[in-house]
Amino acid sequence: QLQLVESGGGLVQPGGSLRLSCAASKFTFDYYAIGWFRQAPGKEREGVSCISSSDGSTYYADSVKGRFTISRDNAKNTVYLQMNSLKPEDTAVYYCATAYQTMCVPNGASWGQGTQVTVSS
């Protein structure tokens, strides 16, 4: 099974930036669409951003459009989420997971362990 490991989370002040990384264990990484999902206490899981494998099509939740950018480097088996202009409402555990190519929902194949993002002054 494809294994995914998130990194890059941490504590940042409002307005700051973080870049999350999702590293995969297999060379077949480029076969998969990858999504970032987040869950905060008392909130439902939210699909933040996804990127397809072949054409690089991207999806962003309305709450992060204009602030977050997803990208992938297949040679490094890594997907990134650049998060700018962070808000306290972005505080959550962020997970990467394999996703459907045409919809930003997990397909159940692989799921990372999560990385905590805390936005606070």
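Data block above holds the structure.
Everything quoted here is computed from the prediction, not taken from an experiment. (Residues numbered from 1 in each chain as written. Predicted model: local features only at pLDDT ≥ 70, side-chain atom pairs only at ≥ 80, totals over all residues. Heavy atoms only, no water.)

1. Overview of the pairing of strand S5 (residues 46-51)
Across the six residues of S5, five count as buried, placing the element largely inside the fold. Pairing of strand S4 (residues 33-39) with S5 involves five bridges; the strand directions are antiparallel. Pairing of Ile-34 across the sheet is with Ile-51, part of S5. Bridge count between S5 and strand S6 (residues 58-60): three bridges; the pairing is antiparallel. (Buried < 20%, exposed > 50% of the residue type's maximum accessible area, 1.4 Å probe, protein only. Helix = DSSP H or I, 4+ residues; strand = E, 2+ residues; numbered from the N terminus. Pairing = 2+ DSSP bridges.)

2. A look at the side chain of Arg-72
Its place among the elements puts Arg-72 in strand S7 (residues 68-73). Overall, the relative accessible area of 17% leaves Arg-72 in the buried class. If we skip the residues at most four places from it in the chain, Arg-72 touches Phe-29, Asp-30, Tyr-32, Ala-33, Ile-34, Ile-51, Ser-52, Ser-53, Thr-78 and Val-79. (Contact = heavy atoms within 4.5 Å.)

3. Notes on the sheet that holds strand S8 (residues 78-83)
The four strands are arranged S1-S3-S8-S7 in an open sheet whose pairing can be described as antiparallel. Only two strands of the sheet have a single partner each, and these edge strands are strand S1 (4-7) and S7. The sheet shows a mean angle of 15 degrees between the axes of neighbouring strands, direction not considered. Pairing of S1 with strand S3 (residues 18-24), which is carried by four bridges, proceeds in the antiparallel orientation. Counted as the bridge partner of Val-5 is Ala-23 from S3. (Axes fitted to C-alpha atoms, helices over the stretch in contact; angles between N-to-C directions.)

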